[in-house]
Amino acid sequence: MLPYQAKADLLKQKTILITGAGDGIGRDAALTYSRYGANLILVGRTTAKLEQVKQEIISNSKFTPLVSIYTLDLLTITESQCHELATDISQHYPYLDGVLHNASILGKIAPIIDQPIKLWHEVIQINVNATFMLTQALLPLQLQAPNSSLIFTTSSVGRRGRANWGAYSVSKFATEGLMQVLFDEYKDTNLRVNCINPGGTRTQMRANAFPSEDPMQLKTPQEIMPIYLYLMGEDSIKESGVSFDAQPNRRPGVAI
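Residues numbered from 1 in each chain as written. Predicted model: local features only at pLDDT ≥ 70, side-chain atom pairs only at ≥ 80, totals over all residues. Heavy atoms only, no water.

Participant: Would you mind showing me how to read the pattern of salt bridges here?
Facilitator: Two side chains with opposite charge may pair up if their charged atoms get near one another. Per the stated rule, a full pass over the model turns up eight salt bridges. Between E56 and R27 there is a salt bridge, with its nearest N and O atoms 2.8 Å apart. Of this pair, E56 sits in helix α2 (residues 47-60) while R27 sits in helix α1 (residues 24-35); the two residues are 29 residues apart in sequence, bridging distant segments of the chain. By relative accessible area, which is 22% here, E56 ends up partly exposed. One salt bridge in this structure joins R159 and D245, with 2.7 Å as the shortest N-O distance. (Salt bridge = Lys/Arg side-chain N within 4 Å of Asp/Glu carboxyl O. Helix = DSSP H or I, 4+ residues; strand = E, 2+ residues; numbered from the N terminus. Buried < 20%, exposed > 50% of the residue type's maximum accessible area, 1.4 Å probe, protein only.)

Participant: Whenever I open this one, the packing of helix α4 (residues 117-143) against helix α5 (residues 166-186) confuses me. Can you help?
Facilitator: Geometry of a packed helix pair, given as the angle between the helix axes and the separation of the axes. Packing of α4 against α5 brings their axes to within 8 Å, and their N-to-C directions diverge by 20 degrees. Relative to α5, the element α4 lies roughly parallel. Crossing geometry of α4 relative to α5 is assigned as right-handed. Mapping the contact onto sequence places W120, V123, I124, N127, V128, F132, T135, L139 and L143 in α4 and G166, A167, Y168, V170, S171, K172, A174, T175, L178, L182 and Y186 in α5. Looking at the contact of α4 with α5, its residues break down into 14 nonpolar, five polar and one charged. (Axes fitted to C-alpha atoms, helices over the stretch in contact; angles between N-to-C directions. Parallel < 35°, antiparallel > 145°, perpendicular 65-115°, else oblique. Left-handed = near helix turned anticlockwise from the far one by under 90°. Contact = heavy atoms within 4.5 Å. Nonpolar A, V, L, I, M, F, W, Y, C, P; charged D, E, K, R; others polar.)

Participant: Whenever I open this one, the sheet that holds strand β4 (residues 98-101) confuses me. Can you help?
Facilitator: Backbone hydrogen bonds hold the strands of a sheet together, and the pairing may be parallel or antiparallel. One open sheet holds the seven strands; their spatial order is β3-β2-β1-β4-β5-β6-β7, and the pairing between them is parallel. The open sheet has two free edges, formed respectively by β3 (67-71) and β7 (242-245), since each of these has just one partner strand. Within the sheet, the average angular offset between the axes of one strand and its neighbour, ignoring direction, is 20 degrees. Sheet topology places β4 next to strand β5 (residues 148-153); four bridges connect them, and they run parallel. Residue pairing for β5: H101 is matched across the bridge by F152. Across the sheet, α2 lies against β2 (39-44) and β3, angled at about 170 degrees from β3, the strand it touches most. Sheet strands touched by α5: β5, β6 (191-197) and β7. Its angle to β6, the strand with the most contacts, is close to 160 degrees. (Pairing = 2+ DSSP bridges.)

Geometry only, nothing functional implied.
Take a look at the structure:
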């Protein structure tokens, strides 16, 4: 991805939903999108974190955005809850200009033989099943938009499996597959579908995966936002079915 400079009103009056918006990359995406004019729908597990992000958005944005909060636990979310969310959103917004599926969990870094079965199910539930159910419920709102962007979060271990990455790796292979299927199904519509691989980024999930790594060797979530802006705005209107790297020159693995 080449350096991208978005125009100041790139997302003005666009309505964008972000999962995992309470911290990490999701939080920075919400703050970034708001600075470029977007209205935000923040989805996450912890109300207090979402409220904090909402207040930051309201305090720092020059566009006076609308910000809605939905507290949902993707581990236990049901099909009916997903459709209730979509119905409630439709009562406040005519359509969705964008959805960023950012929420996911790491699971355990360990060989397959040592993967806890319960944790495996939890990773697949949050990273794959919940993402699928939310996508299915929200698709009608996206298809009503003049053009809409659907972004999934992937990983280098979702393209080539690596030892010990277990359920997380498998879940990201599934994410890549879901993106490709949706691309093929909607390639002749106003919906574009892509993946972003953030690469090694200074987040708590990354620290959990590599506890001995020096976080100062990693880019911050804010530093990788150009690709998130590009794919959410209309400059990427012809981009679909692609898995992008936020840090294209970075080698996978521990930062050194």
